[in-house]
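Coordinate inspection notes
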Amino acid sequence: MLPRVGTAQWASLREAGIRTVADLASLDRRKALLVQALPKSAPLGQLIANAASVAPETPIKKVVRGSARLAALVNSGIVTAADLVSVEPVYPHLHGKPVGDLPTLIDLAWIATRGSGAPYRQRGTAETAAPRADVEVDIDMECDLDGTTYLWGTLLTIPSGRKIGVRQGYRPFVSWESPSRWTEYSIFNEVWSWLIRVKFAALERGLTFRVYCWHESAEVSKLRRGAKLTGVPGVLDAVNAFVSNAEVWVDLKREFARVALSPQGLSLKQIALSAGFHWRDTTPGGDHSMVWFDDARRGGAASQQRLLDYNEDDLRACLAIRDWLDTNDLPSLPD
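Everything in this summary refers to the structure shown in the same document. Along each chain, residue indices are assigned from 1 in the same order as the chain's sequence is written. Residues qualify for local features only when their pLDDT is at least 70, as the model is predicted, and side-chain atom pairs are given and counted only at 80 or more; totals for whole chains, interfaces and linings, by contrast, use all residues. Each side-chain value is derived from all of the structure's non-hydrogen atoms; neither hydrogens nor water enter the calculation.

This brings us to the pairing of strand β2 (residues 135-143). Accessible area is worked out with a 1.4 Å probe on protein chains only. A residue is then buried under 20% of its type maximum, exposed over 50%, and partly exposed in between. Helix and strand assignments come from DSSP, with helices taken as H or I runs of at least 4 residues and strands as E runs of at least 2, each series counted from the N terminus. A large share of β2 lies buried, amounting to 9 of its 9 residues. Residue alternation in β2 divides its side chains into two sets, V135, V137, I139, M141 and C143 and E136, D138, D140 and E142, and both sets are buried. Think of it this way: DSSP has to see at least two bridges between two strands before they count as a pair. In this structure, β2 lies alongside strand β3 (residues 149-157), joined through 8 bridges in antiparallel fashion. Bridge pairing in β3 links D140 to G153. Joining the antiparallel neighbours β2 and β3 is a turn of 5 residues, in which G147 adopts a positive phi near 90°.

What follows concerns helix α12 (residues 252-259). Turning to α12, its buried residues number three or more, namely L252, E255, F256 and V259. Buried residues of α12 fall within an arc of 100° about the axis and therefore sit on the same side. Contacts were defined at the residue level, with two residues in contact if any of their heavy atoms lie within 4.5 Å. Buried-residue contacts for α12 involve β1 (120-121), β5 (209-213), β6 (249-251), β7 (260-261), α13 (268-274) and α15 (301-326). What the arc covers is the set of directions going from the helix axis to the C-beta atoms.

Here the focus is the sheet that holds β2. Ordered by their spatial adjacency, 5 strands build an open sheet running β4-β3-β2-β5-β6, and the pairing between neighbours is mixed. Both outer strands of the open sheet, β4 (169-174) and β6, are each paired with one neighbouring strand and no more. Here the strands of the sheet are splayed against their neighbours by 25° on average, with no regard to which way each runs. Fitted lines through C-alpha atoms give the axes, limited to the stretch in contact for helices. The angle between two N-to-C directions lies from 0 to 180 degrees. Lying on the sheet, α15 is in contact with β2, β3, β4 and β5; it crosses β2 at an angle near 140°.

It is characteristic of soluble globular proteins that their nonpolar side chains tend to be buried jointly. For the purposes of this section, nonpolar cores are sets of buried Ala, Val, Leu, Ile, Met, Phe, Trp, Tyr and Cys residues that join through side-chain atoms within 4.5 Å. One finds L24, L44, L84, V87, Y91, L94 and L102 to be the most contacted residues of the largest nonpolar core, which totals 38 residues. Looking at this core, the elements that each hand over two or more residues are α2 (21-25), α3 (29-37), α4 (44-52), α5 (67-75), α6 (81-85), α7 (90-94) and α8 (102-113). Broken down by element, the residue count for this core peaks at 6 residues, all from α8.

Structurally, V291 is set in helix α14 (residues 286-296). Along the primary structure V291 and C318 are separated by 27 residues, whereas in three dimensions their C-alpha atoms are 24 Å apart.

With that settled, consider the side chain of T183. Considering the arrangement of structural elements, one finds T183 in helix α9 (residues 181-203). Throughout this description, a polar contact denotes any pair of N or O atoms lying within 3.5 Å of each other; where both atoms belong to protein, one of them has to be capable of donating a hydrogen while the other can accept it, and for residues adjacent in sequence the pair is counted only when both atoms sit in side chains. A polar contact is formed between the side chain of T183 and the backbone nitrogen of S180, at a distance of 2.9 Å. Once residues lying within four places of it in the same chain are set aside, the contact partners of T183 are S175, E177 and S178.

Take a look at the structure:
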């Protein structure tokens, strides 16, 4: 099992005889570039047949016409008719099929079966560092089964130690009451006011400011939902401007995927483990947190603390991943 392999890709690979991750890892990545780059209007099988009809040493530019076709072949190391004829049958079989980014799938398979299994840097990536700031806030929300947010967790970090009038560390905005529009509205107001306060405290001191989350769709949608609950004109516009500002809002999952390849997918729990981070809870997870909240809203102090610890650890995991990326220590894939 690999990320990015859906049913269509799986079926195409299986029909070509690629049935295991090890099979996929054994493919020649450079030749696989043909499957991705060669136009569908130039069936690879037909090009190979054309090359077989001429002398082996014939330059490929005399066999194949069209700049796009020639570029795809040359970039795959094919410069003569003999090179093209030697292409294994699996590649013509896959050409034009829905296999997605085959070279990247081969890299993922190689990491899983022949590499360490941990993330490697993307090809062509010299530096892996994510965008950083003088003042950094990690943010993560928790919601009930019906989608009502009951907790916004924040982690304020100022690496330089500069004072901005706001306490560093973890700060939760939480309601242990039964979730309602009122409680969601209330904690949104608190966290949004706090974010704006931190932002302006940083900017007025000439410091850069960024907010980080892992996979922004959840946090962005809940911030927008909270803004709508206020009923105050302009709040939703302000939220939209905030989360669309690339100099302020950072989806760390997207940044990680830009510089790294992970055969385990892009789960925060998996990636943070590779960064050396460990949760205090033995069973951390969003599904479990919903179960814990059922007891927490009934006054269960242990469950309340468990949720806060879990939420804080999610935030510290994001910080750990940024610090890890800063080391530029991800291994490189072989040529």
